[in-house]
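What follows is each chain in one-letter form.
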Amino acid sequence: MSHILGVRQAQKLKTRQALLDAALGLLEGQSLSSLGLREVTRAVGVAPTAFYRHFRSIEDLGVALVEEALGSLHPMIRTTVSTAGDHEERIVRAVELIARHVDAYPAHVRFIARERHGGVQPVREAIREQLARFGDEVKAELAKDPVSAGWSEDDLLMLATLYVDQMLITASLFLESLEAPGAERERAAQVATRQMRLITIGRRHWLD
């Protein structure tokens, strides 16, 4: 009996992931607010009623996509602002990590970029909550840096939020360069590096 239950659970998880993958593919050309439940189930090859065994609604599926797109990024985000190396090394590391992530998961990055200010409130809130967590985690890393000595909690959080926003901007730059690789990608890396340097310079002189 336990074997049968295990097989059923594995199949259920497989179908759930297939629904997420199908939705993500369909969202390459439209927003979540225009995505239909039947579109998703048709792409997977299951009956519309099967959808409700996994998600309460399309909005619920969208929130799951947010978790899939951003939930696993917390270690990477902390790495981009870790205190290892000098400032220039950290900037180079951050830009390279973001570029590699965009290369590996362009559809997820595009989904977050579109839906962050999209028309589905639960998804907007889920993205905002994830970004707030990023901000808190980056703040904790920044507080370890001697450069942060004397900074208030509010200013540290402001700086952390600035870094998180910049990471999203950098991801968007690399996303655009996917359609025009080569020189455009190099230009995206240069722009992202210069923007990060500007934040770093401002940080060093904030308490002057």
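For the structure, see preceding data.
Below is a summary of the structure that appears in this document.

Each value, and the rule that gives it
- Residues numbered from 1 in each chain as written.
- Predicted model: local features only at pLDDT ≥ 70, side-chain atom pairs only at ≥ 80, totals over all residues.
- Heavy atoms only, no water.
- Helix = DSSP H or I, 4+ residues; strand = E, 2+ residues; numbered from the N terminus.
- Buried < 20%, exposed > 50% of the residue type's maximum accessible area, 1.4 Å probe, protein only.
- Contact = heavy atoms within 4.5 Å.
- Areas by Shrake-Rupley, 256 points an atom, 1.4 Å probe, with all protein chains shown as cover.
- Lys, Arg positive; Asp, Glu negative; His and termini not counted.
- Charge placed at Lys NZ, Arg CZ, Asp CG, Glu CD.
- Arc of directions from axis to C-beta.
- Expected span 1.5 Å × (residues − 1).

1. Some words on the overall build of the protein
In step 1: Regarding its fold elements, the protein presents ten helices and zero strands.
In step 2: When the helices and strands of the protein are read in sequence order from the N terminus, they spell out α-α-α-α-α-α-α-α-α-α.
In step 3: The principal-axis extents of the C-alpha atoms in the protein amount to approximately 65 × 40 × 35 Å.
In step 4: For the protein, the proportion of its 208 residues judged to be buried stands at 42%.
In step 5: Sequence separation of 24 or more characterises 65% of the internal contacts of the protein that already satisfy a separation of 6 or more.
In step 6: On the protein, roughly 11,300 Å² of surface is accessible, and the fraction owed to carbon and sulfur atoms is 55%.
In step 7: Positive and negative charge centroids in the protein, built from 26 and 28 side chains respectively, lie 6 Å apart.

2. Notes on helix α2 (residues 37-44)
In step 1: All buried positions along α2 are accounted for by Leu37, Val40 and Thr41. Burial along α2 is one-sided: seen end-on, the buried residues are contained in an arc of 90°. Turned more than 90 degrees away from the buried face of α2 sit Arg38, Arg42 and Ala43, all of them exposed.
In step 2: At the exit of α2 stands Gly45, carrying a positive phi of roughly 90°.

3. Here we look at helix α4 (residues 58-70)
Each turn of an α-helix holds 3.6 residues, which means side chains three or four residues apart point in the same direction.
In step 1: Spanning 13 residues, α4 covers 18 Å between terminal C-alpha atoms, matching the ideal 18 Å at 1.5 Å per step.
In step 2: Within the sequence span of α4, burial applies to Ile58, Asp60, Leu61, Gly62, Ala64, Leu65, Val66, Ala69 and Leu70.

4. Let's talk about the environment of Pro75
In step 1: You can see Pro75 is positioned in helix α5 (residues 74-80).
In step 2: For the pair formed by Pro75 and Glu137, sequence separation is 62 residues and the distance between their alpha carbons is 9.3 Å.

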